[in-house]
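Examination of the molecular architecture
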2 protein chains.
Amino acid sequence: MVDVVGIEPRTGEPIGVAAQETAPEEVARLAEAALAAAPHLDRMGRTGRAALLRALADGLEAERDDIVAVADRETALGTGRLDGELTRTCYQLRLFGDVLEEGSYLEAAVDHPGDSPMGPVPDLRRMFVPLGPVAVFGASNFPLAFSVPGGDTASALAAGCPVVVKAHGSHPATSRLCFEVLARAARGSGAPEGTLGIVHGQQAGAGLVAHPAIRAVGFTGSVTGGHALLRIIEQRPDPISFFGELSSLNPVVVTPSAARERAADIAAGLVGSFTLGAGQFCTKPGLVLIPAGADGDAVVDAMAESVAHAPAQILLNEGIATAYARVSAGLSGRPGVRTAARGGDPAGKGFEAVPLLLTTSVADLSPEITEEYFGPLAVVVRYAAESELFVALDRMPSSLTATVLRGTGETALPLAVSERMRCRAGRLLFDAYPTGVAVTWAQHHGGPWPSTNSQHTSVGTSAIRRFLRPFTWQNAPQEVLPEELTDDYRGIPRRIDGQLHLPG
Amino acid sequence: MVDVVGIEPRTGEPIGVAAQETAPEEVARLAEAALAAAPHLDRMGRTGRAALLRALADGLEAERDDIVAVADRETALGTGRLDGELTRTCYQLRLFGDVLEEGSYLEAAVDHPGDSPMGPVPDLRRMFVPLGPVAVFGASNFPLAFSVPGGDTASALAAGCPVVVKAHGSHPATSRLCFEVLARAARGSGAPEGTLGIVHGQQAGAGLVAHPAIRAVGFTGSVTGGHALLRIIEQRPDPISFFGELSSLNPVVVTPSAARERAADIAAGLVGSFTLGAGQFCTKPGLVLIPAGADGDAVVDAMAESVAHAPAQILLNEGIATAYARVSAGLSGRPGVRTAARGGDPAGKGFEAVPLLLTTSVADLSPEITEEYFGPLAVVVRYAAESELFVALDRMPSSLTATVLRGTGETALPLAVSERMRCRAGRLLFDAYPTGVAVTWAQHHGGPWPSTNSQHTSVGTSAIRRFLRPFTWQNAPQEVLPEELTDDYRGIPRRIDGQLHLPG
């Protein structure tokens, strides 16, 4: 048995043994238990699973202090931030309870038999059914919201799919504690054994993705990690769905009017956003396009001033810290790149990162500069004219977000930027900062490769859609149909003969 | 230039040069033209594209006689069947016009700013936007409904995505004629140049899938062909979506009551279904589970009688004919497999297939027997008891359909079969035959791998969903938003602050 040991990022010292790497036979046992649980979880129905999700939220909240303390020790993200993260996760679990009760997500449709230009049409009734067991890969940077608890777990359970989580090695004790809390709450609300499982270790994660019982994978992590899992999936006799959130630069455009009107505000907002959580957000604004000239200078100067006064920050783990040091040095040394500001010196303890603001020109934009980097670093690119701005935008990789900071009432340039960026992002912000992703019905946290590789992702109510598939009953007797498709049911929105009807 | 030559299946003789294989530069030119057309096709809006789709249907119908004649010569499917296929395609094009006008497919959602347990939430507005150019691979077996015209092309254009079709080599003249008709109609209704393109040849198809401008692939064909395209996609720097419909056995269960009540009807229905279109339907019932004993014997005897009187049929092309001959010989010679009936002798001309009915037992079920085979062949598997039936069902690969033929008012066994098969199929039929797939709102034509690899497929109104992606505007001024997300718009169903509202 190989020990899994947590490391304290503030000191770099081991905390203790949190778990053991999961043996292949145990991975198989958990996957098969999940498969066995699937029909029972489905039969709990929408009401039963809504109660389950609320019980999970209650369970996490009851252990809030312990969870936040353990997570803070393993991640150094701070108790304030972690407290908020847990609140978000509980909110999301309860929101999926609402989603289940509302019932639109089933997309129930009934077509009565009749004639059509194609000839006679039979009785057809369709709704979504659960996909089966889902493997969820926890991310390092959100130990409570994209990890053992989080959007993937909440949405998969809501859909009626058992979950086996691959715990992230960066916070094994947090993962274990959260898992124990969730498993206890699940048992307490009558969920079948096998509804939740957890594995530790990279080999265990690979084994999980390869296991025949697993029907889909939810992953938040690096492009490299995503590719590794995709290769395992391609080798399955039955390739399954992979929902990956991989990499995002999140470019920000500051228009000339915006720079002129509110340089100081913008500088404060941008530095706050790219140093939030030590710059370890997938929505971190990594590249900012600022006009050349005095108005733009004022923004850059204010940003530099702020960064120069920022203390060194603690990163999540040694891998991220090493990469950050390498990237900081590499980018600073590139031709045409200038260091505008460097934050406070490191104290010499733990996984420290010195905040860094770099500037360059559109002419010097290279693929290295437009990659996503974790950590408190941003690159400002100065543009001389709108034409140069558009040249730069065309070189942006696809991202989760793109942002326009505009002048009061300005619409022409923001619209032009918006049209240019629509194919390269999934969320377009105006006069706001991309970090901070509210969980709502209209939220979308995705974008073309490499930001994500799927239509729906782990944030927002549409996350549930990933773990369902349509199923149609033809000429089925009422006794065989799910309740939602029977003639007299009126509890959810349904499409009857092509016409959408609200409940009641 | 390499000529693409059509072959007449009834004689095996070449018809003449239908096209040339498309050179790599021309593939690139078409993909780039599609990319350039994309924003203009999007700007035509729902109304403009609905008119486009109806114009395409009108165009095809105006040339119906020519199209059917050319397709019949290249496919030998018969003018009656091809006439129906064209009707279906035109119906589908017009149905997508209705889908656009109805507007639910956009999933428009507006969340107003406010407070939440997570803290303040911004103004968020989401709807689906087109993915960009789509590569569509025509299938051999539906020259008018899953080829140049068909569900992929109709749904991609409806979504606002330009289409480049890879013509199937089995009916190049039909492909060319349909393309010319569609391209002319598209121009006539104001669609931008580049809205439709066509390529011929396997290399051209591969080049299309690899081209950076292509954002998704729609494919109906073999597992081998699907894997080949998936390998190309995996090697792209930005892997794209692949929507494949690959292989389907479509098992049918005849319950003991059904066999007792209506042996002759069932036999006629089954033989009609598995020999329809010379057994070249993806929904062909390839395997039938029939009870052992006298009642089941009556079904099998009646099927055998019908097959023995069936004349040899003409297959689509030499590859299918060669495979059919090999498979017929191979399956007939397997241990435990008996030839119940063989159809009329071949006339010795063209790509002929002798209809074949084989029988075996659950004990002799092997993976070779549960594979999909094109052509007028079915395997009957006799089961001695319900427990044996369930053993057999657990060995079925995933299919597009599963069918239960039951006794009058019978529900217990049909329900048990239905629960067993839900994870292995996408459509479950009762007292009906799986060939014949109506295009409606509640239809689903998909299932777990290897039948399909995606949530939505090319049949039915949800086909449009494959070529869209969600996009969220945060804090956007009204001037920047699409009309459907503006405050005062009421023309389509929208979700406002989590609540679904109908138009008006």
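Our focus in this paragraph is the overall build of chain A. Counting its regular elements, chain A contains 14 helices and 23 strands. Taken against the 2.2 N^0.38 rule, which gives 23 Å for 504 residues, the C-alpha radius of gyration of chain A at 24 Å falls within 12% of a compact globule. Each of the three principal axes of chain A carries a C-alpha extent, and together these read 75 × 60 × 40 Å. Looking at chain A as a whole, 59% of its 504 residues are labelled buried.

For the rest of this paragraph, the subject is the packing of helix H3 (residues 64–75) of chain B against helix H6 (residues 172–188) of chain B. Residue and element names in this part refer to chain B. At a closest axis distance of 8 Å, the pairing of H3 and H6 adopts a crossing angle of 160°. What the angle tells us is that H3 and H6 run roughly antiparallel. Our pair here, H3 against H6, has a crossing hand that is left-handed. Across from Asp66, Ile67, Val70, Ala71 and Glu74 in H3, the residues of H6 making contact are Ala173, Thr174, Leu177 and Cys178. Residues that form the contact of H3 with H6 fall into these classes: six nonpolar, one polar and two charged.

Attention shifts here to the sheet that holds strand S15 (residues 338–342) of chain A. Taking strand neighbours across the sheet as the criterion, the 12 strands line up as S15(A)-S17(A)-S18(A)-S13(A)-S12(A)-S19(A)-S20(A)-S21(B)-S6(B)-S3(B)-S22(B)-S23(B) in an open arrangement whose pairing is mixed. In the strand order of this sheet, the two ends are held by S15 of chain A together with strand S23 (499–501) of chain B, each with one partner. Along the sheet, successive strands turn relative to each other by an average axial angle of 20°, direction set aside. The pairing of strand S17 (residues 356–361) of chain A with strand S18 (residues 377–383) of chain A spans six bridges and is parallel. Bridging across to S18(A), Thr360(A) finds its partner in Val381(A). Lying on the sheet, helix H14 (residues 412–421) of chain A is in contact with strand S12 (251–254), strand S19 (401–405) and strand S20 (427–430) of chain A; it crosses S19(A) at an angle near 170°.

All names here are of chain B. If you trace the five strands from one edge of the open sheet to the other, you get S9-S8-S7-S10-S11, paired in parallel fashion. The open sheet is flanked by strand S9 (196–199) and strand S11 (241–245), the only strands paired with a single partner. Geometrically, the sheet is characterised by an average inter-axis angle of 15° between neighbouring strands, direction not taken into account. Of the strand pairs in this sheet, strand S7 (residues 134–137) and strand S8 (residues 163–166) are connected by four bridges, and their pairing is parallel. Looking at the pairing, Ala135 lines up with Val164 of S8. Contacts between helix H1 (residues 24–43) and the sheet are confined to S8 and S9, with S9 contributing the most and set at about 160° to the helix. On top of the sheet, helix H8 (residues 223–235) reaches strand S10 (216–220) and S11; it is set at about 175° to S11, its chief contact.

The next thing to look at is the relation of the copies chain A and chain B. Under the fitted operation, chain A is carried onto chain B by 0.0 Å of movement along the axis and a turn of 180°, and the coordinates agree to an RMSD of 0.0 Å. The transformation relating the two chain copies, once decomposed into turn and shift, fits a two-fold axis. Within chain A, Leu502(A) has its C-alpha nearest the rotation axis, a separation of 4.0 Å. Mapped onto chain B, 100% of the interface residues of chain A again fall at the interface, so both copies present the same surface.

Let's shift gears to the pairing of strand S21 (residues 468–474) of chain A. Residue and element names in this part refer to chain A. Most of S21 is tucked away: seven of the seven residues are buried. Here S21 shows a buried face lined by Leu468, Pro470, Thr472 and Gln474 and a second buried face lined by Arg469, Phe471 and Trp473. When strand S6 (residues 124–130) meets S21, the two strands line up antiparallel, connected through seven bridges. Paired with Arg125 across the bridge in S21 is Trp473.

All names here are of chain B. For helix H2 (residues 45–62), which comprises 18 residues, the first-to-last C-alpha distance of 26 Å matches the rise-based estimate of 26 Å (1.5 Å per residue) to within 8%. Within the span of H2, buried status applies to Arg46, Arg49, Ala50, Leu52, Leu53, Ala55, Leu56, Ala57, Gly59 and Leu60. Residues of H2 that are buried make contact with H3, helix H4 (79–102), helix H5 (151–159) and H6.

In this fold, Gly504(B) is placed in the segment after S23. Linking Gly504(B) and Arg490(B), residues 14 residues apart in sequence, is a C-alpha distance of 5.3 Å.

The next subject is the nonpolar core. The biggest cluster of nonpolar side chains holds 323 residues, and the ones touching the most others in it are Val254(A) and Val254(B). Among all residues touching Val254(A), those that are not within four sequence positions of it are Ala259(A), Ile266(A), Val288(A), Leu289(A), Ile290(A), Pro291(A), Val299(A) and Leu405(A).

Time to look at the interface of chain A and chain B. Interface size is commonly expressed as the accessible surface area that is lost when the partners come together. If you look at the interface, chain A gives 63 residues, while chain B gives 63 residues. Every element with two or more residues in the side of chain A that touches chain B is listed here: helix H4 (79–102), strand S3 (109–111), S6, H14, S20 and S21 of chain A. Grouping the constituent residues of the side of chain A that touches chain B by class yields 32 nonpolar, 19 polar and 12 charged. Of the strand pairs in this sheet, S21(A) and strand S20 (residues 427–430) of chain B are connected by three bridges, and their pairing is parallel.

Turning next to the packing of helix H7 (residues 202–210) of chain B against H8(B). Relative placement of two packed helices is described by the angle separating their axes and the distance separating the axes. Residue and element names in this part refer to chain B. Relative to each other, H7 and H8 sit at 40°, their axes nearing to 9 Å. Comparing the axis directions of H7 and H8 gives the class oblique. The interaxial crossing formed by H7 with H8 has right-handed handedness. Across from Ala206, Val209 and Ala210 in H7, the residues of H8 making contact are Leu229, Ile232 and Ile233. Among the residues making up the contact of H7 with H8, the classes are represented as six nonpolar, no polar and no charged.

The next thing to look at is the confidence of the model for chain A. Close inspection of predicted coordinates is inappropriate for parts of the model with low pLDDT. When pLDDT is averaged across chain A, the result is 97; 100% of the residues are at 70 or more. Among the prediction metrics, the complex's ipTM stands at 0.97, with pTM recorded as 0.97.

Quick look at the environment of Leu315(B) now. Residue and element names in this part refer to chain B. In this fold, Leu315 is placed in the loop between strand S14 (313–314) and helix H12 (318–332). Residues Leu315 and Ala62, 253 residues apart in the sequence, show an inter-C-alpha distance of 28 Å. If near-sequence neighbours (up to four positions away) are discounted, Leu315 is found in contact with Pro9, Ala278, Gln280, Ile320, Ala321, Tyr324, Phe351, Ala353 and Gly375.

Let us look at the pairing of S10(B). Residues and elements named next belong to chain B. The buried fraction of S10 is high, at five of five residues. Side-chain alternation along S10 places Ala216, Gly218 and Thr220 on one buried face and Val217 and Phe219 on a second face that is also buried. Of the pairings in the sheet, the one linking S7 to S10 comprises four bridges and is parallel in character. Of the residues in S10, the one forming a bridge with Val134 is Ala216. Of the strand pairs in this sheet, S10 and S11 are connected by five bridges, and their pairing is parallel. Bridge pairing in S11 links Phe219 to Gly244. The parallel pair S10 and S11, bridged by H8, forms a crossover whose chirality is right-handed.

About the thresholds
- Residues numbered from 1 in each chain as written.
- Chains lettered and ligands numbered in written order.
- Predicted model: local features only at pLDDT ≥ 70, side-chain atom pairs only at ≥ 80, totals over all residues.
- Helix = DSSP H or I, 4+ residues; strand = E, 2+ residues; numbered from the N terminus.
- Rg over C-alpha atoms; globule rule 2.2 N^0.38 Å.
- Buried ≥ 20, exposed ≤ 12 C-beta atoms within 10 Å, placed from the backbone.
- Axes fitted to C-alpha atoms, helices over the stretch in contact; angles between N-to-C directions.
- Parallel < 35°, antiparallel > 145°, perpendicular 65-115°, else oblique.
- Left-handed = near helix turned anticlockwise from the far one by under 90°.
- Contact = placed C-beta atoms within 7 Å.
- Nonpolar A, V, L, I, M, F, W, Y, C, P; charged D, E, K, R; others polar.
- Pairing = 2+ DSSP bridges.
- Least-squares fit on C-alpha atoms with pLDDT ≥ 70 in both.
- Expected span 1.5 Å × (residues − 1).
- Core = buried A, V, L, I, M, F, W, Y, C linked by C-beta atoms within 7 Å.
- pLDDT = per-residue confidence, 0-100.
- Right-handed = clockwise from strand over helix to strand, strands pointing away.

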